Amino acid sequence: MNPLRPRLSWLLPLVLLAACGGNTKPSPPPAAVTPVAPVPPPPPVKVGIALGGGAAKGFAHIGVIKMLEANGIQPVVVSGTSAGSVVGALYASGMDPFQMQKQAFALDETKIRDVRLFSGGLVQGQALQDYVNDLLGKRPIEKLKKPFAAVATQLETGQRTVFVRGNVGQAVRASSSIPGVFEPVVIGKSTYVDGGVVSPVPVDAARQLGADFVIAVDISTKAPGTRPGSMLGIVNQSITIMGQKLGEQELARADIVIRPRVNEIGPADFEQKNNAILEGERAAMAVMPQIREKLQRLQRERLAAHTAKIAPVVPPKPMDCDDEGFRLGKLWGGKKKCE
């Protein structure tokens, strides 16, 4: 028996272990992983609704709002002219369309028609102001649940005036003071008449309230396509045409225009309120696919722009060094010494 064998038997594992250790490089520490914060979504699209004037035709606005909400579209800002300011104020106060419809059917128009004989039989408008304020609990415009604007016309200058604070009923009264039907309204040092003189459908007012997407509801009277038989008829039709042309310019700035078929309903035909509401529902449903498509496209565009804006800037990857210790490539603007 070899006397060295017992000694080698316990040295062999040490030799093998040393050999392995000599050929193995120490493992680098794991790279620190920077947590990636989730990308916050872009702010939601603000939908605004601009309700145009049209006296008794204004009940159609209720039908439009009813169908929008039934399809998951909630306007967050509201603007109104004349009859549209009445419906708009109620909607901005927090009433849903069914509550507004209930109020419409309960409305006795004689209660808001305070005729004064000494002013030539014109409607004063104080009753309308009180009616609106009572329904809203006498809250000012800035205390309503949705941002709201009522558009009127300053009589002295012809300037468009947008009421966004103060007495709701008074703003609605000014917006609804149809020349020749209502007495002009004096507020402060100025006198106001119907907003339809300068802004038949207040699209721009809805934009001023912050709307990204404006749905306009046009219930204005259209020229009937026939020649009037009297001088008064000629004057009335001429005014209608002027308002129609003026409204077209502002309507072009809306994203969607809804036109209920209410041309046959007279300005004082309150008995047709149910038909007006139904026509509003039909008109809204007819353009619902178009509203959805445009809203989805706008949301996609906003998401893409938002993502591009907050995406982190990735520095260019370092390039390999050549034999002389330089990095090559257009990203480096020619040769650059490797570090």
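Below: a short report on this structure. Quantities reported herein were computed from a predicted structural model and do not represent experimental measurements.

**A short note on the overall build of the protein chain**
Looking only at helices and strands, the protein chain features 10 helices and 12 strands. By the burial criterion, 39% of the 339 residues in the protein chain qualify as buried. In the protein chain, the share of contacts with a sequence separation of at least 24, taken over all contacts with a separation of at least 6, comes to 71%. In the form shown here, the protein chain has an accessible surface area of approximately 19,900 Å², with 60% of it arising from carbon and sulfur atoms.

**Side note on the packing of helix α4 (residues 97-106) against helix α9 (residues 273-286)**
Remark: α4 packs on α9, axes separated minimally by 10 Å, with the N-to-C direction vectors making an angle of 155°. By the criterion of interaxial angle, the relationship of α4 to α9 is roughly antiparallel. Judged by residue contacts, Gln101, Ala104 and Phe105 of α4 engage Lys273, Asn274 and Ile277 from α9. Of the residues in the contact of α4 with α9, the class split is 3 nonpolar, 2 polar and 1 charged.

**A few points about unusual backbone geometry**
Positive phi values are uncommon outside glycine, yet alanine 55 reaches one of about 55°. Of note, alanine 55 is situated in the loop between β1 (47-51) and α2 (60-70). At serine 82, a position not held by glycine, the phi torsion is positive, near 55°. Locating serine 82 in the fold gives a position in the loop between β2 (77-81) and α3 (83-92).

**Brief notes about the pairing of strand β6 (residues 160-163)**
Regular strands place side chains that alternate from one sheet face to the opposite one. Only one face of β6 is covered, namely the face carrying Thr161 and Phe163; the face carrying Arg160 and Val162 is uncovered. Sheet topology places strand β5 (residues 148-154) next to β6; 4 bridges connect them, and they run antiparallel. Its bridge partner being in β6, valine 151 is matched across the sheet by valine 162.

**Some remarks on the environment of threonine 157**
Counting through the fold element by element, threonine 157 comes out in the loop between β5 and β6. At 3.3 Å, the side chain of threonine 157 forms a polar contact with the side chain of glutamine 154. At a separation of 3.2 Å, a polar atom in the side chain of threonine 157 contacts the main-chain amide nitrogen of glutamine 159.

**What about the nonpolar core?**
Counting residues in each nonpolar core, the largest one holds 60 residues, and the members touching the most others are Ile215, Ile258 and Ile291. Isoleucine 258 has contacts with Val64, Ile215, Ala216, Val217, Asp218, Ala283, Ala284, Val287 and Ile291, leaving out every residue within four places of it along the chain. With 14 residues, the next largest nonpolar core counts Ala50, Val77, Ala206 and Ala211 among its residues.

**A look at the pairing of strand β8 (residues 190-194)**
For β8, a buried count of 5 out of 5 residues is recorded, marking the element as mostly surrounded by other parts of the structure. By the bridge criterion, 3 bridges tie strand β7 (residues 185-187) to β8 in an arrangement that is antiparallel. What sits directly across from valine 186, in β8, is threonine 191. As consecutive antiparallel partners, β7 and β8 are separated by 2 residues, and within that stretch glycine 188 has a phi angle of approximately 65°, a positive value.

**A short note on the pattern of salt bridges**
The tally for this structure, following the rule as stated, stands at 8 salt bridges. For aspartate 134, the salt bridge is made with lysine 138, and the minimal N-O distance between the two is 2.8 Å. Side by side, aspartate 134 and lysine 138 carry an identical accessibility label, which is exposed. Across the salt bridge formed by arginine 282 and glutamate 279, the nearest N and O atoms sit 3.0 Å from each other.

**Here's the deal with the side chain of serine 190**
Structurally, serine 190 is set in strand β8. Of the residues examined, serine 190 reaches a relative accessible area of 14% and is grouped as buried. Within the structure, serine 190 has its side chain in polar contact with the side chain of glutamine 154 (distance 2.9 Å).

**Topic: the packing of α2 against α4**
In the contact formed by α2 and α4, the axes pass within 9 Å of each other and the chain directions differ by 160°. The angle between the axes of α2 and α4 places the two elements in the roughly antiparallel class. Every pair of crossing elements has a handedness; the one defined by α2 and α4 is left-handed. Here Ile62, Ile65, Lys66 and Glu69 of α2 lie close against α4, whose contacting residues are Pro97, Phe98, Met100, Gln101 and Ala104. Tallied by class, residues from the contact of α2 with α4 come to 6 nonpolar, 1 polar and 2 charged.

**A word on the layout of surface pockets**
One number sums up the size of the largest pocket: a volume of about 1,500 Å³. In this structure, the largest pocket is lined by 45 residues; those nearest its centre are Gly54, Ala55, Ser82, Ile178 and Asp194. Elements supplying a minimum of two residues to the lining of the largest pocket: α3, α4, α5 (126-135) and α8 (231-251). Of all the elements, α8 adds the most residues to the lining of the largest pocket, at 7 residues. Class assignment for the residues of the lining of the largest pocket results in 27 nonpolar, 14 polar and 4 charged.

Procedures and definitions
Residues numbered from 1 in each chain as written. Predicted model: local features only at pLDDT ≥ 70, side-chain atom pairs only at ≥ 80, totals over all residues. Heavy atoms only, no water. Helix = DSSP H or I, 4+ residues; strand = E, 2+ residues; numbered from the N terminus. Buried < 20%, exposed > 50% of the residue type's maximum accessible area, 1.4 Å probe, protein only. Contact = heavy atoms within 4.5 Å. Areas by Shrake-Rupley, 256 points an atom, 1.4 Å probe, with all protein chains shown as cover. Axes fitted to C-alpha atoms, helices over the stretch in contact; angles between N-to-C directions. Parallel < 35°, antiparallel > 145°, perpendicular 65-115°, else oblique. Nonpolar A, V, L, I, M, F, W, Y, C, P; charged D, E, K, R; others polar. Pairing = 2+ DSSP bridges. Polar contact = N/O pair within 3.5 Å; in protein donor to acceptor, adjacent residues only side chain to side chain. Core = buried A, V, L, I, M, F, W, Y, C linked by side-chain atoms within 4.5 Å. Salt bridge = Lys/Arg side-chain N within 4 Å of Asp/Glu carboxyl O. Left-handed = near helix turned anticlockwise from the far one by under 90°. 1 Å grid on protein atoms, 1.4 Å probe; cavity = no way out; pocket = protein on both sides within 12 Å on 5 of 7 lines; lining within 4 Å. Points joined across faces, edges and corners; volume = space filled by probe spheres on them.

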